[in-house]
Amino acid sequence: MLRSSLIAICFLFSLTIARGQDNVGLRLFGLSIHPHSEAENAAIMPLRLDPQAYLVQNLGAILSYEKAIYRDIFTSKLALALYSDCAARLGGFIHIGLRGRVFKVGQHSLYGGLGPTLIFRRNWLELEGYKDQKLFKGAKGDCFQYLFLWYGGEFDYRYQINQRLDAVVSLIPGYPDLISLSIGINYRL
């Protein structure tokens, strides 16, 4: 599994050799949405906005680097995130993937992407009252738990402020378990 992951990462990085326009992004985490609630673990989520934990505040940031493969229509992307997860513990992810522009109308555009993602968090198994949903790997004595997804992705709505700067709203669709929202900027180098 690790070997396959490294091969995929090397392949995706090799795609970034093509000429194109690079950009860096910074997004601030803000909100996690649990479409079917998180009622069974709501008690361990101190920043929940409702009793069933449909909405939970997350504080943190995502730093990204995007390399154009074909203009700004097809790109590769590397994203690193650190944030306070739903239980107000350290969490984060590392993502590398391919992106494509879905549409562009004037200053408005939508991008979608897909690629492998490694998600990690401080171990929830040590939290009193936590009901394990068996999504994350890791034993009770481990410092961190992790989840590896081959298909992690996002949608970015971008509003072009000027030739170099876009305002961005990102949605990470982990349906049915989680949908994350963040806002930020992209700066074209």
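All figures in this text were calculated on a predicted structure; none of them were measured in a lab. (Residues numbered from 1 in each chain as written. Predicted model: local features only at pLDDT ≥ 70, side-chain atom pairs only at ≥ 80, totals over all residues. Heavy atoms only, no water.)

### A few points about the packing of aromatic side chains
Going by this rule: Each aromatic pair joins two rings of Phe, Tyr and Trp (for Trp, the six-membered one) with centres within 6.5 Å, and gets the label stacked for planes under 30 degrees apart, edge-to-face for over 60, and tilted for any other angle. Exposure classes here rest on a 1.4 Å probe applied to the protein chains alone. A residue is buried below 20% of its type maximum, exposed above 50%, and partly exposed in between.
Enumeration according to the criterion identifies five aromatic pairs in this entry. On the numbers, 5.5 Å between centres and 85° between planes, the contact of W124 with Y130 is edge-to-face. One exposure class covers both W124 and Y130, and it is buried. Taken together, a centroid distance of 5.1 Å and an interplanar angle of 90° make the contact between F148 and W150 edge-to-face. For F148, a relative accessible area of 21% corresponds to the partly exposed category.

### Some words on unusual backbone geometry
Quick reminder of the rule: Runs of H or I in DSSP of at least four residues are treated as helices and runs of E of at least two as strands, each being numbered from the N terminus.
With phi around 60°, A53 is a residue other than glycine that occupies positive phi space. When you line up the elements, A53 lands in the loop between strand 1 (23-33) and strand 2 (55-70). Non-glycine residue K134 carries a positive phi angle of around 60°. Positionally, K134 belongs in the loop between strand 5 (108-122) and strand 6 (144-160). Its relative accessible area of 67% is what places K134 among the exposed residues.

### Observations concerning the sheet that holds strand 7 (residues 165-174)
Note the cut-off: A pair of strands is treated as paired once DSSP finds two or more bridges between them. What counts as an axis is a line fitted to C-alpha atoms, over the stretch in contact for a helix, and the angles between N-to-C directions run from 0 to 180 degrees.
As summarised here, the arrangement of the eight strands in space is 1-2-3-4-5-6-7-8, forming a closed barrel in which the pairing is antiparallel. Across the sheet, the mean angle from the axis of one strand to that of its neighbour is 25°, orientation sign disregarded. Bridge analysis of strand 5 against strand 6 gives 14 bridges, and the strand direction is antiparallel. Looking at the pairing, Y111 lines up with D156 of strand 6.

### Thoughts on the side chain of E38
What counts here: For this analysis, a polar contact is any N or O atom pair within 3.5 Å, provided that within protein one partner can donate a hydrogen and the other can accept it, and provided that sequence-adjacent residues contribute only side-chain to side-chain pairs.
Its location among the elements puts E38 in the loop between strand 1 and strand 2. In this structure the side chain of E38 is engaged in a polar contact, spanning 3.3 Å, whose partner is the side chain of Q133.

### Notes on the pairing of strand 3 (residues 74-84)
Here strand 2 pairs with strand 3 via 11 bridges, running antiparallel. Following the sheet pairing, I62 is matched in strand 3 by A81. A loop of three residues connects strand 2 with strand 3, the two strands running antiparallel in sequence, and R71 in this loop sits at a positive phi of about 45°. Between strand 3 and strand 4 (residues 90-105), which follow one another and run antiparallel, lie five residues, and A88 among them has a positive phi close to 60°.

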